[in-house]
Amino acid sequence: RQFIFRFSLLVSASALLGLALNSLTMTVTRLLWVLGLLVTEQGHWMALACFALFVVSMRKSNLRTLDGSLARVFLIVSFVIFARPVYIAANEEETWRREFETAFKVTAPQPWFSTWKLLSFDFSAPKFERRSFNGRTGASVHYDLYKGEGAGPHPVVIVVHGGGWDSGDSSQIPELNAVLNRAGYTVASVDYRLAPQSMWPAQREDVEDTIADLKLRAQEWSLNTSGVYLVGRSAGGQIAGAVGFVNPTVCLKGLAAYYAPTDLTFGYEV
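Residues numbered from 1 in each chain as written. Predicted model: local features only at pLDDT ≥ 70, side-chain atom pairs only at ≥ 80, totals over all residues. Heavy atoms only, no water.

A. Region of the structure containing the overall build of the chain. Assigned secondary structure in the chain consists of ten helices and six strands. Taking the principal axes of the C-alpha coordinates as reference, the chain spans close to 70 × 45 × 35 Å. Across the 270 residues of the chain, 38% fall into the buried class. Looking at the chain alone, contacts between residues at least 24 apart form 68% of all its contacts between residues at least 6 apart. (Helix = DSSP H or I, 4+ residues; strand = E, 2+ residues; numbered from the N terminus. Buried < 20%, exposed > 50% of the residue type's maximum accessible area, 1.4 Å probe, protein only. Contact = heavy atoms within 4.5 Å.)

B. Summary view of helix α6 (residues 174-182). When we look at burial in α6, the residues that qualify are Asn177, Ala178, Leu180 and Asn181. All buried residues of α6 project into a common sector of 170° when viewed along the axis, lining one side. Where α6 terminates, the next one or two residues include Gly184, which has phi positive at roughly 110°. (Arc of directions from axis to C-beta.)

C. Seen up close, the pairing of strand β4 (residues 186-191). Burial within β4 is extensive, with six of its six residues counted as buried. Neither face of β4 is left uncovered, since the one carrying Thr186, Ala188 and Val190 and the one carrying Val187, Ser189 and Asp191 both have all their residues buried. Of the pairings in the sheet, the one linking strand β2 (residues 140-146) to β4 comprises five bridges and is antiparallel in character. Across the sheet, the residue bridging to Asp144 is Ser189, located in β4. (Pairing = 2+ DSSP bridges.)

D. Spatial organisation of helix α1 (residues 2-25). Compared with an ideal rise of 1.5 Å per residue, which puts 24 residues at 34 Å, α1 spans 35 Å between its outermost C-alpha atoms and is within 8% of the ideal. Turning to α1, the residues buried within the fold contact α2 (30-41), α3 (43-59) and α4 (66-104). (Expected span 1.5 Å × (residues − 1).)

E. Inspection of the packing of aromatic side chains at higher detail. For the structure shown, the criterion picks out five aromatic pairs. Note on Phe128 and Tyr146: the rings are 5.2 Å apart at their centroids and 40° apart in plane angle, and the pair reads as tilted. One end of the pair, Phe128, is in the loop between α5 (115-118) and β1 (129-134); the other, Tyr146, is in strand β2, with 18 residues separating them in the sequence. You can call Phe128 partly exposed: its relative accessible area is 43%. (Phe/Tyr/Trp six-rings, centres within 6.5 Å; stacked < 30°, edge-to-face > 60°.)

F. A look at the nonpolar core. Within the largest apolar cluster, 24 residues are counted, with the highest numbers of intra-cluster contacts made by Tyr143, Ile158, Val160, Val207, Ile211, Leu214 and Leu230. Where this core is concerned, the elements lending two or more residues are β2, β3 (154-160), β4, α7 (202-216), α8 (218-221), β5 (223-233) and α9 (235-246). Tallying contributions element by element places α9 first for this core, with four residues. Sequence-distant contacts of Tyr143, defined by excluding residues within four places in its chain, comprise Glu129, Arg130, Arg131, Phe133, Ala188, Ser189, Val190, Asp191, Thr210, Asp213, Leu214 and Trp221. Counting 15 residues, the second-largest nonpolar core is a separate cluster that includes Leu9, Cys50, Phe74 and Phe82. (Core = buried A, V, L, I, M, F, W, Y, C linked by side-chain atoms within 4.5 Å.)

G. Broad picture of the pattern of salt bridges. Under the defined criterion, the tally for this structure stands at 14 salt bridges. Salt-bridge contacts for Glu129 lead to Lys147; the nearest nitrogen and oxygen are separated by 3.4 Å. On the criterion of sequence distance, the pair formed by Glu129 in strand β1 and Lys147 in the loop between β2 and β3 is long-range, its members being 18 residues apart. Given the relative accessible area of 33%, Lys147 is considered partly exposed. Salt bridges sharing partners connect three or more residues here, namely Arg136, Arg204, Glu208 and Asp209. (Salt bridge = Lys/Arg side-chain N within 4 Å of Asp/Glu carboxyl O.)

H. Region of the structure containing unusual backbone geometry. The omega angle of the peptide bond from Ala195 to Pro196 is 0°, so this bond is cis rather than trans. Assignment of secondary structure puts Pro196 in the loop between β4 and α7. Going from Trp200 to Pro201, the amide bond is cis rather than trans, its omega being 15°. Assignment of secondary structure puts Pro201 in the loop between β4 and α7. For Trp165, which is not a glycine, the phi torsion comes out positive at approximately 75°. For Trp165, a relative accessible area of 18% gives the class buried. Within the chain, Ile173 stands out as a residue other than glycine whose phi angle is a positive 45°. Within the element layout of this structure, Ile173 appears in the loop between β3 and α6.

Right, here's the structure in full:
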């Protein structure tokens, strides 16, 4: 039983170290690339897993062996790699906030980063309505609508999910939609058509058609559609960028693209 436990701990520690190192190198194979993205998005939970296993290993006297020591070293190295983004965010927040305020001539809300919020869950997400309509090509377009509360007109944020163009949906990261909605925005999280069943520019068209649909219902839903904000992550960031930079008729007020792939040669090869 002791051997099985020690062997399992070493295997787990080795796997965590492999995931941690892969997140640094982002090896150019599709599987490792996807794993690298998942790990970097959920690194704080991986760090907690390393910490928990390390605590268990320290409480087990039968781990005072070479393989036990090796497992602890692997866990420590993995913890440092996984926890590094949290450390950077916590220590650089004030500098980033000053740069933001200088660039945009506004007072930024505080705090930007909270370790407690990072490790907690929001069970009070606002309700949304599922909206479906026919786009320019006759294909069905869907989005989740989080209506702004109180007197309008409310500014509009279009959220474009990630997933490598061939996966994902509008339910990703509902916490972001909730934060924006509570700040007074009406949020539309787009469920764009996925590849390879729907080829480009179907994804861009779905976002543009969503904006057009919101403009048609601006008075009904008390929306300020004189300018919209686009927020996208990963593949959604690329789609949002294609809308914002290519189509000036969308009256874009702002664009936030989180780690959007712009090297599409890399995307094609991987």
